[in-house]
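Take a look at the letters that make up each chain.
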Amino acid sequence: MSDDMREFLVQTFSFLPAELIVLLISAMPILELRGGIVVAHQLGLSYFEALLYGVIGNILPIIPILLLFQPVSTWMLRFDVYQRFYHWLYDRTMKKSDNVEKFGALGLILFTAVPLPTTGAYSACLAAILFFIPLQSAFLAILAGIVIAGFGVTSVMYAIF
């Protein structure tokens, strides 16, 4: 996450408690847990607080996405703009999801846990939907991946900086 974006988010949400800022940033697409933990460190939260609020924030959107993406997407596909977005998102997710296709729910853990760009809870939810992984299995796998990524990112962030 760029310094400008991080600074903008912290200033925009400065009226909120630090814990809530970390929750909100961790729940945002693209930034997710990785961005929330960096901000938590900058705001002076402890290792445990950064991990806890980062993980909780990243977990919040999982169930709504798993439940609502397919019906909302089906309805939205009647619009050309959304069709282009959907096909771009579909292609991008399929390129990154070899392990998910091969290993199912276990692949979702790896997909979510590896802290690389375009891998995370949001992309894992989409992969779970595309590969018809049952809701409960998908949720538990993505949750496990978030926790693993949380420990990894927090440990690196607090050990190095």
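Everything discussed here concerns the structure shown above.
Structural notes, computed from the coordinates. Computed from a predicted model, the values in this text were never measured in an experiment.

1. Observations regarding the packing of aromatic side chains
- Using the criterion set out here, one finds seven aromatic pairs in the structure.
- Geometrically, the ring pair formed by Tyr-47 and Tyr-158 is edge-to-face, given 5.8 Å between the ring centres and 80° between the ring planes. Linking Tyr-47 in helix α4 (residues 47–59) with Tyr-158 in helix α10 (residues 135–160), this pair joins segments that are 111 residues apart in sequence.
- You can call Tyr-47 partly exposed: its relative accessible area is 30%.
- Aromatic side chains Trp-75 and Phe-79 sit 5.5 Å apart centroid to centroid with 70° between the ring planes, which places their arrangement in the edge-to-face category.
- Within the aromatic cluster, the residues linked to one another by ring pairs are Phe-69, Tyr-82, Phe-85, Tyr-86, Trp-88 and Tyr-90.

2. Topic: the side chain of Arg-34
- Structurally, Arg-34 can be placed in helix α3 (residues 32–42).
- Although buried, Arg-34 forms no salt bridge, and the nearest oppositely charged side chain, Glu-32, lies 4.4 Å from it.
- Here the side chain of Arg-34 touches Thr-119 through a polar contact of 2.9 Å, landing on its backbone oxygen.
- Not counting the four nearest positions on each side in its chain, Arg-34 is found in contact with Thr-112, Val-114, Pro-115, Leu-116, Thr-119, Gly-120 and Val-153.

About the cut-offs
- Numbers given for residues are sequential positions, taken from 1 along each chain in its written order.
- A pLDDT threshold of at least 70 governs which residues receive local features in this predicted model, and a stricter bar of 80 or more applies before side-chain atom pairs are shown or counted, although totals over entire chains, interfaces and linings include all residues.
- Computation of side-chain values: all heavy atoms of the structure, hydrogens and water removed.
- Stacked, tilted and edge-to-face pairs are distinguished by plane angle, under 30 degrees for stacked and over 60 for edge-to-face with tilted covering the rest, among Phe, Tyr and Trp rings (Trp via its six-membered ring) whose centres lie within 6.5 Å.
- Strands are runs of DSSP state E lasting at least two residues, helices are runs of H or I lasting at least four, and both sets are numbered from the N terminus onward.
- For every residue, the accessible area obtained with a 1.4 Å probe (protein chains only) is divided by the maximum for its type, and the residue is called buried under 20%, exposed over 50%, and partly exposed between those limits.
- Charge counting treats Lys and Arg as positive and Asp and Glu as negative, with His and both chain ends excluded.
- Salt bridges, as used here, are contacts in which a Lys or Arg side-chain nitrogen is within 4 Å of a carboxyl oxygen on Asp or Glu.
- As used in this structure description, the phrase polar contact means that two N or O atoms lie within 3.5 Å; if the pair is within protein, one of them must be able to donate a hydrogen and the other to accept it, and residues adjacent in sequence are counted only when both atoms belong to side chains.
- In what follows, a contact means two residues having at least one pair of non-hydrogen atoms within 4.5 Å.

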